[in-house]
Amino acid sequence: MKFTLLIQSAPIDSQSSATALRFARALLSKGHEIERLFFYRSGVQSANRLALAPQDETNLPADWQQLISEFELDAVVCIAAAIRRGVVNATETARYGVEGDNLLENAELSGLGQLVAACAASDRVVTFGGGA
Amino acid sequence: MNSFLIISRCAPYGSAAAREALELALACALFDREVAILLLDDAVYQLLPDHNPSAIGQKNLAAMQQSLPLYDVDKIFICQSSLETRGLVTEALALPVTPVDSQGLKALMRGYEAVINV
């Protein structure tokens, strides 16, 4: 089956980003496909590569980056949600005249249309976080 | 999956949840997908008229809400018991809504391919 995962909570505030990551690995290990990972609302913080964790703790953005690279996944971060929360790539820092991009290298900033399109191409859409 | 039920459960202000639920509903409509909104719990407060959020430095949601019919988002469902427990009636709300009871909620969620809790 083809899945789209929608991640809506920040790694530090909720378990749900970590659960989404484990769910993604479980899907792939069972032979399912991931059409797209879509990071929305505070879930965009999962794509902040400047989030740093103490050495004995999990660094979730780094884990996402590894998963995305390992399986060459399509990872889209909602641009409107991200720029409000200071998750930006070099294009956006140039556009807004600020310094210091922090988006995961293998994630892309784009619009909610990418979520709609991914849902159209998927058999299942699974939401993590949300409701608060 | 081409039909969407967007569920919102939060009050209009206090977090970005209500705005970001509306943005998702509008995006679905913009891409010509069938979309409905379901307001549960404190989300019923989103449709009270005459918000004045500038007093707390927030942008009014009303402009976005009033744009929903322009994008053909005219299916707005509202949880009957959430309304009642807050002492509200549908006639007092800023947009036309369809109240649903708990049995109706189950049927509603079965009627859409993608149910997204924002």
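Scroll up a little and you will see the structure.
Numbering of residues begins from 1 in every chain and follows the order in which that chain's sequence is written. Going through the entries in the order they are written, you letter the chains from A and number the ligands from 1. Note on the predicted model: pLDDT of at least 70 is required for a residue's local features to be given, and 80 or more for side-chain atom pairs to be given and counted; whole-chain, interface and lining totals, by contrast, use all residues. Hydrogen atoms and water are omitted, and side-chain values are computed over all heavy atoms in the structure.

**Student:** Explain the overall build of chain A here, please?
**Tutor:** For the purposes of this entry, the term helix denotes a DSSP run of H or I that reaches at least four residues, the term strand denotes a run of E that reaches at least two, and both are numbered from the N terminus. Scanning chain A from terminus to terminus reveals five helices and five strands. Starting at the N terminus and walking to the C terminus, you meet the elements of chain A as β-α-β-α-β-α-α-β-α-β. Expected size for 132 residues packed as a compact globule is a radius of gyration near 14 Å; at 14 Å, chain A falls within 12% of this value. Taking the principal axes of its C-alpha atoms as reference, chain A extends roughly 45 × 40 × 30 Å. Note that the radius of gyration is over C-alpha atoms, with the globule rule given as 2.2 Å times the number of residues to the power 0.38.

**Student:** Help me understand the sheet that holds strand S2 (residues 33-39) of chain A in this model?
**Tutor:** Two pairing modes exist for strands in a sheet, parallel and antiparallel, and in both the strands are linked by backbone hydrogen bonds. Residue and element names in this part refer to chain A. Spatially, the five strands line up as an open sheet ordered S4-S3-S2-S1-S5, and their pairing is parallel. Both outer strands of the open sheet, strand S4 (108-110) and strand S5 (124-128), are each paired with one neighbouring strand and no more. Taken pair by pair, the neighbouring strands of this sheet meet at an average axis angle of 25 degrees, ignoring direction. Pairs of residues are marked as contacts when any of their non-hydrogen atoms sit within 4.5 Å. Between N-to-C directions, angles cover 0 to 180 degrees, with each direction set by a line fitted to C-alpha atoms, over the stretch in contact for helices. With respect to the sheet, helix H5 (residues 113-120) is in contact with strand S1 (2-7), S2, strand S3 (75-78), S4 and S5, its orientation differing from that of S2 by roughly 160 degrees. Pairing between strands is defined by DSSP: at least two bridges between the two strands are required.

**Student:** Which parts of the structure should I look at to understand the pairing of strand S5 (residues 114-117) of chain B?
**Tutor:** For a regular strand, side chains alternate in direction, first toward one face of the sheet and then toward the other. All names here are of chain B. We call a residue buried when its accessible area falls under 20% of the maximum for its residue type, exposed when it is over 50%, and partly exposed in between, using a 1.4 Å probe and counting protein chains only. Residues of S5 alternate between two faces, with Ala 114 and Ile 116 buried on one and Val 115 and Asn 117 left unburied on the opposite face. In this sheet, S5 lies alongside strand S1 (residues 3-8) in parallel orientation, the contact comprising four bridges. Considered in S5, the bridge of Leu 5 is made with Val 115.

**Student:** Explanation requested: the nonpolar core in the structure shown.
**Tutor:** A general trend in soluble globular proteins is that nonpolar side chains are found buried together. Here the nonpolar core consists of buried residues drawn from Ala, Val, Leu, Ile, Met, Phe, Trp, Tyr and Cys, with membership extended through side-chain atoms lying within 4.5 Å. Counting 72 residues, the largest nonpolar core has A:Leu37, A:Tyr40, A:Trp64, A:Val77, B:Phe4, B:Ile6 and B:Leu24 as the members making the most contacts within it. Here the element with the most residues in this core is helix H1 (residues 17-30) of chain B; it accounts for nine residues. Excluding its chain neighbours within four sequence positions, the residues that come into contact with A:Val77 are A:Phe39, A:Val44, A:Ala47, A:Ala82, A:Leu103, A:Ala107, A:Glu108, A:Leu109 and A:Ser110.

**Student:** How should the layout of surface pockets be read in this particular structure?
**Tutor:** Rolled over the atoms, a probe sized like a water molecule indicates the empty space that remains. Residues and elements named next belong to chain A. Looking at the largest pocket, its volume works out to about 300 Å³. Cavities and pockets were defined on a 1 Å grid built from protein atoms only: a cavity is a group of points that admits a 1.4 Å probe but offers it no way out, a pocket is an open group of points flanked by protein on both sides within 12 Å along at least five of seven lines, and a lining residue is one with an atom within 4 Å of any such point. Taken together, 14 residues line the largest pocket, and the ones lying closest to its centre are Pro 11, Ile 12, Thr 58, Leu 60 and Pro 61. Lys, Arg, Asp and Glu make up the charged group, whereas Ala, Val, Leu, Ile, Met, Phe, Trp, Tyr, Cys and Pro make up the nonpolar group; the residues left over, Gly among them, are polar. Here the residues of the lining of the largest pocket are counted per class, giving nine nonpolar, four polar and one charged. Grid points are joined across faces, edges and corners, and a volume is the space filled by probe spheres set on the points. The volume enclosed by the second largest pocket comes to roughly 190 Å³.

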